[in-house]
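Observations on the three-dimensional arrangement
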Amino acid sequence: MTTKPIIALDFPSKLDVEEFLSEFAEPLFLKVGMELFYQEGPELVHALNRYGHDIFLDLKLHDIPNTVESAMRRIAELGVDMVNVHAAGGLAMMEAAKRGLAGSGTKLIAVTQLTSTSEEQMQQEQLISVSLKESVLHYAKLAKQAGLDGVVCSVHEAEAIGNACGEDFLRVTPGIRPASSESHDQKRIATPYDAKMQGSTHIVVGRAITRSENPQKSYDYINGEWSGHS
């Protein structure tokens, strides 16, 4: 499966988003995260929908099952293509999230371990004694059991998750950027080519495009490498 790269809209306001999107002629796959959604709310999502963009609403819900189910009922009304929860919320919470989206067509995925988390941090701060890869794989299997459509993971776990959960199980991988780019605050990063070779179904790209002097050119380059045309 090869889809358009998902562009992370790491902007503080709708005005910034509109200025950025004016660089592009075609509909895109866009990630709306917490900062932007909390600032602009559902109206931003409606506006992006009107322009034909696909939307990944990246809110990483993690709460008691009833609360998450109720929140997902509201999200189902927004018409987004994808939304996520934290797998650490557990099986019952993920099942509740799935119920909340029933009939909407919105794909539901779960965050396994953040790409900013190192194995040392996971073991010392979360008191998870297994390896990072084992933890991610466990969460992926739990998400599969809950009926979710896939997970957020790093490129380095994508192949193992595909083998364990099936090739149709989505592996959405952030931390993607060309080799020449800085890693910023993410520790487990990869190039678009790495992602393609290691089993990602979707890639998320942020500053390599949004902070580029020529966003369209950067997008085309990344999309070409990801799609296998460069």
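Each value, and the rule that gives it
Here the residue numbers are simple positions, counted from 1 along each chain's written sequence. Thresholds applied to this predicted model are a pLDDT of at least 70 for local features of residues and 80 or more for the giving and counting of side-chain atom pairs; totals over whole chains, interfaces and linings are not thresholded and use all residues. Side-chain numbers come from the whole structure's heavy atoms, not from hydrogens or water. UniProt positions are given in the numbering used here, feature names are shortened, and annotations may be inferred rather than shown by experiment. In this description a helix means any DSSP run of H or I spanning at least four residues, a strand means any run of E spanning at least two, and both kinds are numbered starting from the N terminus. A simple rule labels every residue: compare its accessible area, found with a 1.4 Å probe on the protein chains alone, to the largest value its type can have, and call it buried under 20%, exposed over 50%, or partly exposed in between. For this analysis, residues touch if any pair of their heavy atoms sits within 4.5 Å. Residues adjacent in sequence count toward polar contacts only when both atoms are side-chain atoms; beyond that, a polar contact is any pair of N or O atoms within 3.5 Å, and within protein one must be able to donate a hydrogen and the other to accept it. Pairs were defined over the aromatic rings of Phe, Tyr and Trp, the Trp ring being its six-membered one, requiring ring centres within 6.5 Å. Orientation was assigned from the angle between planes: stacked under 30 degrees, edge-to-face over 60, tilted for the rest. This arc describes the spread of directions from the helix axis toward the C-beta atoms. Two strands form a pair only when DSSP identifies at least two bridges running between them. Only the stretch in contact is used when a helix axis is fitted, and all axes are lines through C-alpha atoms; the angle between N-to-C directions ranges over 0 to 180 degrees.

A short note on the UniProt feature "active site" (unreviewed entry) in the protein
Under the feature "active site" (unreviewed entry), the UniProt entry names Asp58, Lys60 and Asp63. Residue position: Lys60 is located in strand β3 (residues 54–61). Classification of Lys60 by relative accessible area gives partly exposed; the value is 21%. Look past the residues within four positions of Lys60 in its chain and what remains in contact with it is Asn84, Val85, His86, Val111 and Leu114. Here the side chain of Lys60 touches Asp58 through a polar contact of 2.9 Å, side chain to side chain. Secondary-structure assignment places Asp63 in the loop between β3 and α4 (65–76). On the basis of relative accessibility, which here comes to 41%, the residue Asp63 falls in the partly exposed class. Sequence-distant contacts of Asp63, defined by excluding residues within four places in its chain, comprise Val68 and Met93.

Describing the packing of aromatic side chains
Counted according to the given criterion, the structure contains three aromatic pairs. Relative to Phe20, the ring of Phe11 has its centre 5.3 Å away and its plane inclined at 45 degrees; by these criteria the two rings are tilted. Since its relative accessible area comes to 10%, Phe11 is described here as buried. On the basis of an interplanar angle of 85 degrees and a centroid distance of 5.8 Å, the ring pair of Phe24 and Tyr219 is categorised as edge-to-face. Residue Phe24 is found in the loop between α1 (14–21) and β2 (29–33), and its partner Tyr219 is found in helix α11 (residues 215–227); the two are separated by 195 residues along the sequence. Take Phe24: its relative accessible area is 10%, and that puts it in the buried class. Residue classification places Tyr219 among the buried positions, given a relative accessible area of 3%. Members of the aromatic cluster, each reached through a chain of ring pairs, are Phe11, Phe20, Phe24 and Tyr219.

Some remarks on helix α3 (residues 42–50)
For α3, every residue scored as buried is listed here: Leu44, Val45, Ala47 and Leu48. Considered in projection along α3, the buried side chains sweep an arc of 160 degrees and stay on one side of the axis. The inward-facing, buried residues of α3 abut α1, β2, α2 (34–40) and β3. One or two steps after α3, the chain reaches Gly52, where phi turns positive at roughly 85 degrees.

Things to note about the sheet that holds strand β6 (residues 150–152)
Taken in spatial order, the eight strands of this closed barrel run β1-β2-β3-β4-β5-β6-β7-β8, and their pairing is parallel. Direction aside, the axes of adjacent strands within the sheet are offset by 25 degrees on average. Where strand β4 (residues 82–86) lies against strand β5 (residues 107–111), five bridges are found, and the strand directions are parallel. By the bridge assignment for β5, His86 is matched with Val111. The strands touched by helix α8 (residues 155–165) are β6 and β7 (170–173); relative to β7, the strand with the most contacts, the crossing angle is about 180 degrees.

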